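Residue-level listing of the chains:
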Amino acid sequence: MPNASNVNYDFLFAGAGCAGLSLLYQMIGAGLLEGKRVLLVDADAKEANDRTWCFWEKERGPFEAIVHHRWQELHFFSPGFGRSLSIAPYFYKLIRGADFYRHCKAAAAPFPNIEFRQARVDEVFYDARGTGVRIGSERISADIVFSSLYDKPAPAPGVHWLLQHFKGRLIETPEPRFEPARATLMDFRIGQEEGTSFVYVLPFSEREALVEYTLFTGKLLEPAAYDRQLDSYISGTLGITDYTIRDDEFGVIPMTNHRFPQRHNRVVYLGTAGGRTKGSSGYTFRNVQRHSAAIVESLQRHGHPFNVAAPSPRFHFYDSVLLEILQKRSLEGADIFTDLFRKNDPRTVLRFLDNDTSLMEDVGIISSLPTLPFARAAVRQLF
Ligand SMILES: Cc1cc2nc3c(=O)[nH]c(=O)nc-3n(C[C@H](O)[C@H](O)[C@H](O)COP(=O)(O)OP(=O)(O)OC[C@H]3O[C@@H](n4cnc5c(N)ncnc54)[C@H](O)[C@@H]3O)c2cc1C
């Protein structure tokens with residue numbers, strides 16, 4: 001029989017990564033945690049720089065103080081096409097994971113009522129005996145659980161499941177080789193044999209840049225394949241042969257139209273587990289901040305975190321259509337993104353990718369893409 005902890009927490013966070021810590025940070029900022037018993041449980045110490053987040057926004061965001069670099073000039077390349085994208089008033093911003101974890105924990109440090117525990121959660125429960133988590137044989141109860149733990153759902157008809165996987169290298173050159181004011185958002189001038197594949201280049205100074213090889217495909221590559229592509233891009237396309245690798249990162253993000261549950265009883269799902277990862281692009285960071293702000297508003301207005309809109313059905317439908325096309329390869333991802341950036345104002349494209357455009361703007365964007373394959377995929381998604 002599991003032991004029941006005799007403490008009942010007001011808020012328990014199962015998972016203290018991007019979504020858990022973002023919500024904690026915004027709840028602290030809104031004064032919602034004073035006098036509350038709060039526990040965050042994560043299997044990891046959350047100290048390593050295990051990922052970097054990029055996103056775009058016009059305004060100062062909640063994590064402006066730790067933005068590592070920002071760009072307003074971006075490049076887009078595909079075979080036979082190149083365009084410089086001026087995105088002002090938007091900034092493309094980058095936050096390092098390690099800075100983010102440190103910053104959020106520092107905000108919580110003055111509060112003795114906020115506890116962190118490093119442990120693996122074996123179960124998030126919501127049953128007749130209450131709501132909480134089980135760690136081994138210990139049951140910990142809470143009034144509200146915010147869970148960012150997820151398992152891959154079982155396959156279902158009409159549900160697409162691609163992976164966005166990438167390997168990045170932070171490289172340093174002895175001579176100035178980069179323009180720190182210009183980043184490459186997408187460069188499709190690489191082999192597309194595996195599926196939609198591109199490289200992005202984020203320069204932090206004239207001698208330092210993060211170069212990341214990214215794929216949207218059904219399965220991972222063998223590890224050496226990522227390195228071969230990076231070697232070839234850095235020496236061939238960038239023309240850089242003399243460099244030192246300062247760091248590297250590898251990541252996998254699900255790209256799916258699966259409808260993640262928003263809550264079960266008093267368990268609220270956050271981040272990827274709450275469907276806040278955009279199905280067709282993997283972008284999550286901005287959605288997580290919006291979701292956190294909506295939960296804070298619900299707590300302030302209603303005294304509970306449940307009055308929050310689910311992800312937009314309209315954009316979920318667009319994501320489903322694009323995922324079907326990418327999965328079946330009825331059009332090449334490189335061609336779709338080339339049309340998007342060739343025929344539209346880049347700021348409108350960014351807003352479209354951020355689920356922020358009006359229906360009229362969507363019609364303009366969608367009509368800039370090959371009509372027939374999109375119409376066929378749309379009909380299949382509808383029926
Ligand atoms: C390498 C990488 C780079 C990315 N770059 C971008 C980007 O540039 N822009 C963007 O918008 N999105 C990006 N994403 C996607 C997304 O923003 C991140 O995956 C983000 O971290 C998702 O937030 P989350 O809180 O849902 O998950 P996580 O941040 O992964 O947090 C979940 C937490 O749960 C913990 N956990 C898991 N299982 C258990 C368990 N059983 N018990 C206890 N703890 C557990 C994990 O240790 C983790 O800390 C990236 C993802 C990766 C992997």
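First things first, this report covers the structure right here in the doc. Remember, predicted model here, so these are calculated numbers, not experimental data. (Residues numbered from 1 in each chain as written. Predicted model: local features only at pLDDT ≥ 70, side-chain atom pairs only at ≥ 80, totals over all residues. Heavy atoms only, no water.)

To continue, consider the sheet that holds strand β16 (residues 244-256). With mixed pairing, the seven strands of this open sheet are ordered in space as β6-β5-β13-β14-β15-β12-β16. One side of each edge strand has no neighbouring strand; the edge strands of this open sheet are β6 (81-86) and β16. Taking the axes of each pair of neighbouring strands and ignoring which way they run, one obtains an average angle of 15° across the sheet. In the sheet, strand β13 (residues 182-187) pairs with strand β14 (residues 196-203) via two bridges, with the strands oriented antiparallel. Across the sheet, residue Thr 184 finds its bridge partner in β14, namely Val 201. Of the strands in this sheet, β12 (161-172), β14, β15 (208-217) and β16 are in contact with helix α5 (residues 313-328), which crosses β12 at around 80°. (Pairing = 2+ DSSP bridges. Helix = DSSP H or I, 4+ residues; strand = E, 2+ residues; numbered from the N terminus. Axes fitted to C-alpha atoms, helices over the stretch in contact; angles between N-to-C directions. Contact = heavy atoms within 4.5 Å.)

Under the 1.5 Å per step criterion, the end-to-end length of α5 is 22 Å for 16 residues, consistent within 8% with the ideal 22 Å. Within α5 the residues assigned to the buried category are Phe 315, His 316, Tyr 318, Asp 319, Ser 320, Val 321, Leu 322, Leu 323, Glu 324, Ile 325 and Leu 326. For α5, the N-terminal capping position is held by Ser 312, with its side-chain oxygen 3.2 Å away from the main-chain nitrogen of Arg 314. The first or second residue beyond α5 is Arg 329, which carries a positive phi of 55°. (Expected span 1.5 Å × (residues − 1). Buried < 20%, exposed > 50% of the residue type's maximum accessible area, 1.4 Å probe, protein only. Polar contact = N/O pair within 3.5 Å; in protein donor to acceptor, adjacent residues only side chain to side chain.)

In this section: a nonpolar patch on the surface. On the surface, Leu 220, Phe 250 and Val 252 cluster together into a nonpolar patch covering about 250 Å² of accessible area. The topology assignment puts Leu 220 in the loop between β15 and α3 (223-237). A relative accessible area of 40% means that Leu 220 is categorised as partly exposed. (Patch = residues over 30% accessible without salt bridge, like charges linked within 9 Å, V, L, I, M, F, W, Y side chains within 5 Å. Areas by Shrake-Rupley, 256 points an atom, 1.4 Å probe, with all protein chains shown as cover. Salt bridge = Lys/Arg side-chain N within 4 Å of Asp/Glu carboxyl O.)

Every one of the 26 residues lining the ligand counts as a neighbour, but Ala 19, Asp 42, Cys 54, Thr 284 and Phe 285 are closest to it. Between the ligand and the protein, one listed contact pairs an oxygen atom with a backbone N or O atom of Cys 18 at 3.0 Å. Between the ligand and Phe 285 there is a distance of 2.8 Å, counted from an oxygen atom to a backbone nitrogen or oxygen. Relative to its unbound accessible area of 960 Å², the ligand is 86% covered by the protein chains. Looking at the shell around the ligand, the elements with two or more residues in it are α1 (18-29), β3 (52-57) and β16. (Near = heavy atom within 4 Å.)

Moving on, we come to the sheet that holds β3. The strands that make up a sheet pair up through hydrogen bonds in the backbone, lying either parallel or antiparallel. The three strands lie next to each other as β3-β7-β4, forming an open sheet whose pairing is antiparallel. On the outer flanks of this sheet lie β3 and β4 (67-71), each paired with one strand and no other. Neighbour-to-neighbour, the strand axes of the sheet open up by a mean angle of 25°, direction not taken into account. Relative to strand β7 (residues 91-96), β3 is paired through six bridges, and the arrangement is antiparallel. Its bridge partner being in β7, Cys 54 is matched across the sheet by Leu 94.

Mapped onto the elements, Tyr 213 comes out in strand β15. Sequence separation between Tyr 213 and Lys 167 is 46 residues; the distance between their C-alpha atoms is 5.4 Å.

Looking now at the packing of α5 against helix α9 (residues 371-382). The angle between the axes and the distance between the axes are what describe a pair of packed helices. Running from N to C, α5 and α9 cross one another at 115°; their axes reach a closest spacing of 9 Å. In terms of axis orientation, α5 runs roughly perpendicular to α9. Viewed along their axes, α5 and α9 form a crossing whose handedness is right-handed. Contacts between α5 and α9 involve Phe 317, Ser 320, Val 321, Leu 322, Glu 324, Ile 325 and Lys 328 on the former and, on the latter, Pro 373, Phe 374, Ala 377, Ala 378, Arg 380, Gln 381 and Leu 382. In terms of residue class, the contact of α5 with α9 is made up of nine nonpolar, two polar and three charged. (Parallel < 35°, antiparallel > 145°, perpendicular 65-115°, else oblique. Left-handed = near helix turned anticlockwise from the far one by under 90°. Nonpolar A, V, L, I, M, F, W, Y, C, P; charged D, E, K, R; others polar.)

Our focus in this paragraph is the pairing of β13. The buried fraction of β13 amounts to five of the six residues, a majority that puts the element mostly inside the structure. As paired elements, strand β5 (residues 73-78) and β13 share five bridges and run parallel to each other. Bridging from a neighbouring strand, Phe 76 pairs with Met 186 of β13.

Quick look at unusual backbone geometry now. The peptide bond linking Ala 88 to Pro 89 adopts the cis configuration, its omega dihedral lying at 10°. Checked against the element boundaries, Pro 89 lands in the loop between β6 and β7. Despite not being glycine, Asn 265 has its phi angle at roughly 50°, a positive value. Turning to its location among the elements, Asn 265 is positioned in the loop between β17 (263-264) and β18 (267-269). The phi dihedral of Asn 355 falls on the positive side, at around 60°, and the residue is not glycine.

This part is about the pairing of β7. Two elements, β4 and β7, share four bridges in a ladder whose sense is antiparallel. Its bridge partner being in β7, Val 67 is matched across the sheet by Ile 95.

Moving on, we come to α9. With twelve residues, α9 extends 16 Å from end C-alpha to end C-alpha; this agrees with the ideal 16 Å at 1.5 Å per step. Next to the buried residues of α9 lie α5 and α6 (333-343).

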